[in-house]
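Survey of secondary and tertiary structure
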Amino acid sequence: LSAKAAAGDIVLLEDFEMTETSTKKLAGILGSLGLGDGRILLVVKEAGTHLLRSARNIENVKVQLARELNTYDLLHADQVVMTEGAVTAVEEVFGA
């Protein structure tokens, strides 16, 4: 995570929740954040059904629960999007 942060490849969001299943909306949100090219890892504390369904049809976007975060997914991603809740959960789980 430190290397990704130093390279500016981490985007931190206060919260990220989808109120409806919409791949188009999620793609638009990621595009408005300046994300679109490359592999995107979206790390959240809890993933709702709408977010999971919206993301599964977007190539190169993976939703990962913070408690299940692993080195492979971090290294494989070009850009990481994390919620504040996910950062707290990662600190609790990994003692960072």
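Everything below is about the structure printed above this text.
Since the structure is predicted, the reported quantities are computational estimates derived from the model, not experimental observations.

**Considerations on the pattern of salt bridges**
Counted under the stated rule, the structure contains four salt bridges. Here Asp78 ties to Arg39 by a salt bridge, and the two come within 3.5 Å at their closest N and O atoms. On the criterion of sequence distance, the pair formed by Asp78 in the loop between α4 (71–76) and β4 (79–83) and Arg39 in the loop between α2 (23–32) and β2 (40–44) is long-range, its members being 39 residues apart. Taking relative accessible area as the criterion, Asp78 reaches 31% and is therefore assigned partly exposed. For Arg39, a relative accessible area of 30% corresponds to the partly exposed category. Across the salt bridge formed by Lys62 and Asp73, the nearest N and O atoms sit 3.0 Å from each other. Of this pair, Lys62 sits in strand β3 (residues 61–65) while Asp73 sits in helix α4, and the two are eleven residues apart along the sequence. Given the relative accessible area of 38%, Lys62 is considered partly exposed.

**Looking at helix α5 (residues 84–94)**
Every buried residue belonging to α5 is among Ala86, Ala89 and Val90, and all of these are buried. In a view along the axis of α5, the buried residues occupy a sector of 100 degrees, so they form one face of it. Packed against the buried residues of α5 are β2 and β4. Once α5 ends, the next one or two residues include Gly95, with phi positive near 65 degrees.

**Some thoughts on the nonpolar core**
Membership of the largest hydrophobic core comes to 16 residues, with the highest contact counts inside it found for Phe16, Leu26, Leu42 and Leu51. Going through the elements one at a time, α2, β2, α3 (49–55) and β3 are the ones with two or more residues in this core. In contact with Phe16, not counting residues within four places along its chain, are Leu26, Ile29, Leu42, Leu51 and Thr83. By size, the runner-up hydrophobic cluster in this structure holds eleven residues, among which are Ala66, Leu69, Ala77 and Val90.

How each quantity is defined
- Residues numbered from 1 in each chain as written.
- Predicted model: local features only at pLDDT ≥ 70, side-chain atom pairs only at ≥ 80, totals over all residues.
- Heavy atoms only, no water.
- Salt bridge = Lys/Arg side-chain N within 4 Å of Asp/Glu carboxyl O.
- Helix = DSSP H or I, 4+ residues; strand = E, 2+ residues; numbered from the N terminus.
- Buried < 20%, exposed > 50% of the residue type's maximum accessible area, 1.4 Å probe, protein only.
- Arc of directions from axis to C-beta.
- Contact = heavy atoms within 4.5 Å.
- Core = buried A, V, L, I, M, F, W, Y, C linked by side-chain atoms within 4.5 Å.

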